[in-house]
Amino acid sequence: MKSLPAGYRAIVFGATGAIGGAFAHALRQSPGCATVIGLGRGSEPPFDLEHEASIADCARDLAPRGPFDLIIDATGALAIDGVGPEKRLRDLDPARLARAFAVNAIGPALLLKHFVPLLPAKSRCIFATLSARVGSIADNRKGGWYGYRASKAARNMLLRTAAIEACRQRPDAVFAALQPGTVRSRLSAPFVAGTEAMEPDVAATRLLAALDALPSSGEAVFIDTRGLPIDW
Ligand SMILES: NC(=O)c1ccc[n+]([C@@H]2O[C@H](COP(=O)([O-])OP(=O)(O)OC[C@H]3O[C@@H](n4cnc5c(N)ncnc54)[C@H](OP(=O)(O)O)[C@@H]3O)[C@@H](O)[C@H]2O)c1
């Protein structure tokens, strides 16, 4: 990441996942990166998106090792409680919809709440969250996947709103929602043949390059692996 100060420090949430693990690995190989902290439900410190106290404790534990120049939230879920995405209205289940929002939108918003304060105030820094193209309201022409789509759209809106607030005090901060493409992972395995999916390390490398090239603009962006904007 040439755009970040030498010796930059990074956190990856969801480092146990395919894309999060690939981000952590790529950053550990990156000569300019001094620290990479990969976090998950079993890490030290641990965090769980559905328990705010665990996120607050995690931020408090890590604050002395900050500030952090790069924070990537690579968490997310497509199947909820073992049930795949809803194809029709009649598949909607209120408890599963609520959990989709808890994991894909509310938890990520709580990561913003507790970790934006750990970004540096006076230098370039990046907070990126893994979204999905299906979270684009403008791009929704196929329908289906109600809970995943809606919770990703909510994640995008929460990021956009947080970016406006955070950039008032951190004008050099970049906030980005990322569409990784179709990537081989636990999440995508039931829905895509392995041969049609990108390797996680390819997606992570491309997304890091796209993030590196983003200017700070005072508002969040929604981009794909080529750095091209996606309509919100
Ligand atoms: N793969 C694709 O084709 C694709 C396409 C578009 C967007 N995305 C997005 O990319 C992101 C990463 O997906 P992936 O493909 O790498 O999936 P993955 O391998 O299943 O990774 C998901 C990650 O989210 C974490 N997570 C889930 N629920 C959590 C919770 N309650 N608390 C803390 N962590 C939790 C998982 O932790 P555990 O290991 O503890 O379960 C894991 O680290 C997701 O936001 C996904 O929606 C993926």
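Presented here is an overview of the structure given in this document.

About the thresholds
Residues numbered from 1 in each chain as written. Predicted model: local features only at pLDDT ≥ 70, side-chain atom pairs only at ≥ 80, totals over all residues. Heavy atoms only, no water. Helix = DSSP H or I, 4+ residues; strand = E, 2+ residues; numbered from the N terminus. Rg over C-alpha atoms; globule rule 2.2 N^0.38 Å. Buried < 20%, exposed > 50% of the residue type's maximum accessible area, 1.4 Å probe, protein only. Contact = heavy atoms within 4.5 Å. Pairing = 2+ DSSP bridges. Axes fitted to C-alpha atoms, helices over the stretch in contact; angles between N-to-C directions.

## What to know about the overall build of the chain
Alright, step 1. Looking only at helices and strands, the chain features 5 helices and 6 strands.
Alright, step 2. Expected size for 232 residues packed as a compact globule is a radius of gyration near 17 Å; at 17 Å, the chain falls within 12% of this value.
Alright, step 3. For the chain, the spread of C-alpha atoms along the principal axes amounts to about 50 × 35 × 30 Å.
Alright, step 4. Taking all 232 residues of the chain together, the buried fraction comes to 49%.
Alright, step 5. When contacts within the chain are restricted to residue pairs at least 6 apart in sequence, long-range pairs at least 24 apart make up 72% of them.

## Some points on the sheet that holds strand β4 (residues 125-130)
Alright, step 1. On the basis of which strands lie adjacent, the open sheet formed by 6 strands has the order β2-β1-β3-β4-β5-β6 and parallel pairing. Because the sheet does not close on itself, it has two edges, and the strands there are β2 (33-39) and β6 (221-223). The mean inter-strand angle of the sheet, taken between neighbouring strand axes irrespective of direction, is 20°.
Alright, step 2. Taken strand by strand, helix α5 (residues 200-212) contacts β3 (70-73), β4, β5 (173-178) and β6, and its axis lies near 145° from that of β5.

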